[in-house]
Amino acid sequence: MPEQKRDYYEVLGVSKGASDDEIKKAYRKKAKQYHPDLHPNDANAAAKFKEINEAYEILSDPAKRKKYDEQQQGTTQRRQAPNGAKTATRTPKGGPVDFSQMQGGFAQFFGFDPKTGRVVDEEKVSGQKKNPLDTTDLFERFMGFK
């Protein structure tokens with residue numbers, strides 16, 4: 001299984017909204033703390049130093065940081081399904097879905113209003129169209145004329 005990388009903001013000890021100066025100060029402090037010259041023969045310090053450099057390389061470049069933030073946002077939205085499959089949770093961009101608006105579309109598509117039981121389009125309900133390949137109705141609705 002591939003090694004799970006830590007959050008770069010966490011590595012440098014800054015918040016996600018940190019400014020470039022805050023990131024630079026945090027990097028310098030951490031790099032000095034774990035520099036291999038100060039800790040010779042310490043593999044843990046060398047690995048930590050490498051991780052700090054990697055985090056700074058991404059977070060100091062605005063384009064790389066934006067891409068990283070977008071990837072992180074997508075990763076945090078993934079959830080583990082009960083059967084072990086990965087699924088992504090998504091929220092509609094316009095806010096919560098208002099299902100009451102779907103009623104008109106349902107009636108137009110299926111030919112009847114499910115709330116009232118009223119038949120809107122007898123042809124769709126009966127299933128008997130004169131020509132099953134006739135798309136005139138669709139064309140007229142799409143173009144907006146009859």
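Before any of the text, the structure's been laid out above.
Residues numbered from 1 in each chain as written. Predicted model: local features only at pLDDT ≥ 70, side-chain atom pairs only at ≥ 80, totals over all residues. Heavy atoms only, no water.

*Asks:* Explain the side chain of R65 here, please?
*Replies:* For R65, the location among the structural elements is in helix 4 (residues 62–76). When its relative accessible area of 12% is taken as the criterion, R65 is described as buried. In this structure, R65 is in contact with Y9, K16, G17, A18, D20, I23, I58 and L59, ignoring residues within four places of it in sequence. (Helix = DSSP H or I, 4+ residues; strand = E, 2+ residues; numbered from the N terminus. Buried < 20%, exposed > 50% of the residue type's maximum accessible area, 1.4 Å probe, protein only. Contact = heavy atoms within 4.5 Å.)

*Asks:* Before we go on, may I ask you to explain the nonpolar core in this structure?
*Replies:* When a protein is soluble and globular, its nonpolar side chains tend to lie buried together. Within the largest apolar cluster, 17 residues are counted, with the highest numbers of intra-cluster contacts made by Y8, L12, V14, I23, Y27, L59 and Y68. Within the residue set of this core, elements represented by two or more residues are helix 1 (8–12), helix 2 (20–34) and helix 3 (43–60). (Core = buried A, V, L, I, M, F, W, Y, C linked by side-chain atoms within 4.5 Å.)

*Asks:* Which parts of the structure should I look at to understand the packing of helix 2 against helix 3?
*Replies:* Geometrically, a packed helix pair is captured by the angle between its two axes and the distance between the axes. Contact pair helix 2 / helix 3: the axes reach a minimum separation of 9 Å and the direction vectors enclose 165 degrees. Between helix 2 and helix 3, the angle is such that the two are roughly antiparallel. As helix 2 packs across helix 3, the resulting crossing turns out to be left-handed. Mapping the contact onto sequence places I23, K24, Y27, K30, A31 and Y34 in helix 2 and A45, K48, F49, I52, N53, Y56 and L59 in helix 3. (Axes fitted to C-alpha atoms, helices over the stretch in contact; angles between N-to-C directions. Parallel < 35°, antiparallel > 145°, perpendicular 65-115°, else oblique. Left-handed = near helix turned anticlockwise from the far one by under 90°.)

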